Amino acid sequence: MTRGAARDTEVTGRANWIGLATLYRREVRRFLAVWAQTVAGPVVAGLLLFVIFGAALAGRPPVAGAPYLTFIAPGLAMMGIAQNAFANTSSSLLVAKLQGNIVDLLVAPLSPAEFLAGIALGGVTRGLLVGALTLVAMWPFVELAVPDPWMAGFCALGGALLFSLLGVIAGLWAQRMDEQGAIASFVVAPITLLSGTFFAVAALPEPFRQIALLDPFLYVVDGFRRGLVGVGETAAATAVGIVVVANLLLVALCHRLLRSGWRLKQ
Amino acid sequence: MEPRPIQAPAIELADLAKTYPGAAGPALHRVDLTIPAGSIFGLLGPNGAGKSTLINILAGLVRRSGGTARILGMEVETRAARHAIGVVPQELNLDPYFTPRAALDLQAGLFGIPRRSRRTEPLLAALGLAAMADRPARSLSGGMRRRLMVAKALVHDPPVLVLDEPTAGVDVELRRQLWDHVRRLNRAGTTVLLSTHYLHEAEMLCDRIAVLSEGALLAVDTTEALLRGLKDRTLDIELERPLAAVPPGLAGFDAVLATPRRIVIRYGQEPGAAARILAALHAAALPIRDLGTERPGLEDAFLELVRRRGARPAGQAERASQRSSASGPGPRAIR
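Residues numbered from 1 in each chain as written. Chains lettered and ligands numbered in written order. Predicted model: local features only at pLDDT ≥ 70, side-chain atom pairs only at ≥ 80, totals over all residues. Heavy atoms only, no water.

Further remarks concern the overall build of chain B. Of the regular secondary structure elements, chain B holds eleven helices and 14 strands. Counting contacts in chain B only where the partners sit at least 6 residues apart, residues at least 24 apart contribute 70% of the total. Surface summary for chain B: the accessible area is close to 15,400 Å², and the carbon and sulfur share equals 53%. (Helix = DSSP H or I, 4+ residues; strand = E, 2+ residues; numbered from the N terminus. Contact = heavy atoms within 4.5 Å. Areas by Shrake-Rupley, 256 points an atom, 1.4 Å probe, with all protein chains shown as cover.)

Take a look at the structure:
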């Protein structure tokens, strides 16, 4: 092989801020254009769970010191954040590959970092929008004192970014709709539903309690709840550490994949 | 003051190679090619010759396995090179929900062009899309979609425009429009590289042609020089009596005795060619029963010509011609 063979896509020169902003706006418009499916639908789905659990378990004793509905409200909001951040980036990339208009992005003078930022922030935006609307709708029925808004905001943003980046990897990897759907059903749904969303980990029997504690997303949900309600089972510092480390690792991995053209360039 | 830089070639490929993972052989094999700035350059070759691979390397869609590729002196992967080239892909790749105006605006934005400097309206007008500017792309006709793809490649006013088989599956009228537009761009200073498997198209448009087959360059020359000596017609002569050999009077022509009673003479478009053949036939006093002319197809004649130039091993040429004849009738094209 000749020296000078291009293994990586090296893009040099000044940052393309307009390109990045354009890509981000496109990502946001893409989901807002079908808001009933991408925003309203997920909010309603979250509220339905809220109503079902509220009706079925209204008489339940407080969990970790909070009324049951108040306990699950942050979990449901975080579930919406994570699932929709993931859905946005994974489907955006997959659809662009299937329609062929991924070419428009690849020919443009966007560095891998700009490409990643534009796509990932689009997913973060959708996740946070769904999470915020879910919380607003539940607000009259729960007691959210928001003792630590910084913690709540940090975990919301960190959780959204985490799943947005996972969606980037899934969107790059998947070649067909069913492959993306499989990751959403078999990976994202179980993680977001089982990470202390509806229950306190302390209540789990062993060995499930130990297994649950290995799930990094549990700490993000718990940190979010601590910020909104003031109750938590894990240390706040653990959630902060996990959010920072997991996002850094995923950013590095996504950047590397985009740089190499994995599943995008032959 | 900085010295004025010497104009670099629009495109410069050296030892360019590409092998797709899992493929039996290379898609591109050590291609060296220089395309001068300001030209309309044709990349001609049968399907599977490597034309799209070459173009997609320039477009940044395919990673090369070896060699170098430069656009106006800049490595293809650099941001500056991305700005210097506009690419019209072969496959329709429009987002069906975007209107032409939105699609052009988006593409200009991705290229980092500020709103006030965008050329959306002039491009819509130039490519005849103004009336449909606010309809979603899915409601556009095939021709309009193709023109929209050309417009998208021009949002950043690239000095080099690359079109991958722009007229494949396109009707005559649209083909003419596209050619006109390509010529206008070229007159305004844009270097154009287009791939095609229609020799006629390359002949009409291009001032230089490279012939690619099975990943290797067979010939690069001016269109005129390549087509010189191209014998794309035959004169078929039926004889009253059988002959043992082509008569000596026809020695100066490309004549063969196909059967004892049939002589086939291949000739080209140069002026007076047919008259000279007829005069020679008359002088040879051949017992002619009947004669007829045929145009077997520019492309077949062209492949034959290129093969005769001895640019590659005979075995490969043989395979190419077998493929060509196996493809049967259809539009005249090198397949």
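The discussion continues.
Let's shift gears to the overall build of chain A. Counting its secondary structure elements, chain A contains ten helices and zero strands. N-terminal to C-terminal, the α/β element order of chain A is α-α-α-α-α-α-α-α-α-α. Taken against the 2.2 N^0.38 rule, which gives 18 Å for 266 residues, the C-alpha radius of gyration of chain A at 20 Å falls within 12% of a compact globule. Seen along its three principal axes, the alpha-carbon backbone of chain A occupies a region of about 70 × 35 × 35 Å. Counting across all 266 residues of chain A, residues that qualify as buried make up 51%. For chain A, the accessible area works out to roughly 11,700 Å², and carbon and sulfur atoms hold 70% of it. A gap of 8 Å separates the mean positions of the 18 positive and 13 negative side-chain charges of chain A. (Rg over C-alpha atoms; globule rule 2.2 N^0.38 Å. Buried < 20%, exposed > 50% of the residue type's maximum accessible area, 1.4 Å probe, protein only. Lys, Arg positive; Asp, Glu negative; His and termini not counted. Charge placed at Lys NZ, Arg CZ, Asp CG, Glu CD.)

Right, let's talk about the interface of chain A and chain B for a bit. Across the boundary between the two partners, chain A contributes 38 residues, which contact 35 residues of chain B. Carbon and sulfur atoms supply 53% of the area buried between chain A and chain B, which totals about 3,000 Å² over both sides. Per-residue buried area on chain A facing chain B is highest for Val107, Pro109 and Gln266 of chain A; these three make up 21% of the total on that side. On inspection of chain A and its partner chain B, the count reaches two salt bridges. Measuring nitrogen to oxygen at the nearest pair gives 3.0 Å for the salt bridge that ties Arg79 of chain B to Glu114 of chain A. Counting every contact that joins chain A to chain B gives 13 residue pairs in polar contact (both at pLDDT 80 or more). Elements with a contribution of two residues or more to the side of chain A that touches chain B: helix 1 (17-32) and helix 4 (102-107) of chain A. Looking at which element gives the most residues to the side of chain A that touches chain B, the answer is helix 1 of chain A, with six residues. (Buried area = accessible area lost by both parts, 1.4 Å probe. Salt bridge = Lys/Arg side-chain N within 4 Å of Asp/Glu carboxyl O. Polar contact = N/O pair within 3.5 Å; in protein donor to acceptor, adjacent residues only side chain to side chain.)

Residues and elements named next belong to chain B. As summarised here, the arrangement of the six strands in space is 6-7-8-3-9-10, forming an open sheet in which the pairing is mixed. Each of the sheet's edge strands pairs with one partner strand only, and the pair in question is strand 6 (85-88) and strand 10 (216-222). Neighbour-to-neighbour, the strand axes of this sheet turn through a mean angle of 15°, independent of strand direction. In terms of strand pairing, strand 6 meets strand 7 (residues 160-164) through four bridges, oriented parallel. Opposite Val87, over in strand 7, you have Val162 as the bridge partner. Sitting on the sheet, helix 1 (residues 51-59) is in contact with strand 3 (40-44), strand 6, strand 7, strand 8 (191-196) and strand 9 (208-213), with an inclination near 145° to strand 8. Sheet strands touched by helix 6 (residues 172-187): strand 3, strand 7 and strand 8. Its angle to strand 3, the strand with the most contacts, is close to 135°. (Pairing = 2+ DSSP bridges. Axes fitted to C-alpha atoms, helices over the stretch in contact; angles between N-to-C directions.)

Below, the discussion takes up a nonpolar patch on the surface. Residues and elements named next belong to chain A. A grouping of Phe154, Val240, Val244, Val245, Leu248 and Leu249 is seen on the molecular surface, where their side chains present a nonpolar patch of about 510 Å² in accessible area. The element best represented in the nonpolar patch is helix 10 (residues 236-260), accounting for five residues. By the element assignment, Val240 lies in helix 10. Accessibility expressed as a relative area gives 31% for Val240, which makes it partly exposed. (Patch = residues over 30% accessible without salt bridge, like charges linked within 9 Å, V, L, I, M, F, W, Y side chains within 5 Å.)

What follows deals with the nonpolar core. Grouped together as the largest cluster of nonpolar side chains are 150 residues, with contacts concentrated most on Phe115 and Phe224 of chain A together with Leu13, Leu58 and Leu193 of chain B. Here the element with the most residues in this core is helix 3 (residues 68-99) of chain A; it accounts for 14 residues. Excluding anything up to four places from it in sequence, Leu58 of chain B contacts Ile11, Leu13, Ile71, Val76, Arg82, Ile85 and Leu193 of chain B. Residues Ile237, Leu239, Leu250 and Ile277 of chain B belong to the second largest nonpolar core, which totals 14 residues. (Core = buried A, V, L, I, M, F, W, Y, C linked by side-chain atoms within 4.5 Å.)

Under the counting rule described, the total for this entry stands at three aromatic pairs over all chains. For the pair Phe53 of chain A and Phe198 of chain A, a centre-to-centre distance of 4.5 Å together with 25° between the ring planes defines the contact as stacked. Of this pair, Phe53 of chain A sits in helix 2 (residues 35-56) while Phe198 of chain A sits in the loop between helix 7 (177-194) and helix 8 (208-213); the two residues are 145 residues apart in sequence, bridging distant segments of the chain. In this structure Phe53 of chain A comes out as partly exposed when scored by relative accessible area, which is 21%. A ring pair is formed by Phe163 of chain A and Phe217 of chain A, whose centres lie 4.8 Å apart and whose planes are at 70°; its orientation type is edge-to-face. Linking Phe163 of chain A in helix 6 (residues 149-173) with Phe217 of chain A in helix 9 (residues 216-228), this pair joins segments that are 54 residues apart in sequence. For the pair formed by Phe163 of chain A and Phe217 of chain A, the shared burial category is buried. Across from the ring centre of Phe71 of chain A, 3.6 Å away, lies the NZ or CZ of Arg225 of chain A, which sits over that ring. Taking the ring centre of Tyr198 of chain B as reference, the NZ or CZ of Arg175 of chain B above it sits at 5.3 Å. (Phe/Tyr/Trp six-rings, centres within 6.5 Å; stacked < 30°, edge-to-face > 60°. Lys NZ or Arg CZ within 6 Å of the ring centre and 35° of its normal.)

Time to look at the confidence of the model for chain B. Chain-level pLDDT for chain B is 84 on average; 87% of the residues reach the 70-or-more range. Scored as a complex, the prediction yields pTM 0.84 and ipTM 0.88. (pLDDT = per-residue confidence, 0-100.)

Turning to the environment of Leu161 of chain A, a few remarks are in order. Residue and element names in this part refer to chain A. Here Leu161 is to be found in helix 6. Using a relative accessible area of 24% as the deciding quantity, one classes Leu161 as partly exposed. Measuring from C-alpha to C-alpha, the distance between Leu161 and Gly19 comes to 20 Å, with 142 residues separating the pair along the chain. In this structure Leu161 touches Ala120, Val124 and Asn247, once residues within four positions along its chain are discounted.

If you walk through the whole model with that rule in mind, you get 24 salt bridges over all chains. Between Arg225 of chain A and Asp222 of chain A there is a salt bridge whose closest N-O contact spans 3.9 Å. On the criterion of helical spacing, the pair formed by Arg225 of chain A and Asp222 of chain A is a turn pair, its members being three residues apart in helix 9. Considered together, Arg225 of chain A and Asp222 of chain A belong to a single accessibility category, that of buried residues. Residues participating in the shared-partner salt-bridge network are Arg64, Arg70, Glu75 and Glu77 of chain B.

With that out of the way, let us pick up the confidence of the model for chain A. Here chain A shows a mean pLDDT of 90. Residues at 70 or above account for 95%. Every residue in residues 1-11 of chain A is under pLDDT 50, and counting partners more than four places away or in other chains gives 30 contacts.

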